[in-house]
Amino acid sequence: MSEELEMIYNSFLNNHVPGLWANSAYPSLKPLSSWVADLVLRCEFIYAWIKRGNPRSFWISGFFFPQGMLLLSCLFCLSKNNFWPTVHRQIES
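My aim in this report is to walk through the structure given alongside it, one point at a time. For clarity, every value in this text was computed on a predicted model and none was experimentally measured.

Calculation notes
Residues numbered from 1 in each chain as written. Predicted model: local features only at pLDDT ≥ 70, side-chain atom pairs only at ≥ 80, totals over all residues. Heavy atoms only, no water. 1 Å grid on protein atoms, 1.4 Å probe; cavity = no way out; pocket = protein on both sides within 12 Å on 5 of 7 lines; lining within 4 Å. Points joined across faces, edges and corners; volume = space filled by probe spheres on them. Helix = DSSP H or I, 4+ residues; strand = E, 2+ residues; numbered from the N terminus. Nonpolar A, V, L, I, M, F, W, Y, C, P; charged D, E, K, R; others polar. Core = buried A, V, L, I, M, F, W, Y, C linked by side-chain atoms within 4.5 Å. Buried < 20%, exposed > 50% of the residue type's maximum accessible area, 1.4 Å probe, protein only. Contact = heavy atoms within 4.5 Å.

Here's the deal with the layout of surface pockets
- Volume-wise, the largest pocket comes out at about 180 Å³.
- If you go around the largest pocket, the residues you meet are W49, N54, P55, F58, M69, L72, S73, F76 and C77.
- With five residues, helix α4 (residues 66-80) is the single largest residue contributor to the lining of the largest pocket.
- Residue composition of the lining of the largest pocket, grouped by class: seven nonpolar, two polar and no charged.

Right, here's the structure in full:
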């Protein structure tokens, strides 16, 4: 067994998220069992969103980068309402 597989195996025995997974996944301090359950919920949310279209409400903490989703939502509302604030600068002559 390779060293990487042994590290994953030991993580499973200790109910920890393997380091290789944690490096590529969303940040979490949950033990492995709760982390996997949370991952399944996140995948189901995204799958439902794809199949049924935009949901009425969003699970903000379910996103990998929630700030990006909030920013895009604000920009979408601004463009939909054709409201783009302008910055007025006074130029001194």
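Digging into unusual backbone geometry
- Positive phi, close to 60 degrees, is recorded for N15, a residue that is not glycine.
- Position of N15 among the secondary structure elements: in the loop between α1 (3-13) and α2 (19-24).

Things to note about the nonpolar core
- V17, A25, Y26, L32 and W35 form the largest nonpolar core, which has five residues in total.
- Here L32 is in contact with F12, N15, H16, V17, P18 and W21, once residues within four sequence places are set aside.

The values are spatial; any link to function lies outside them.
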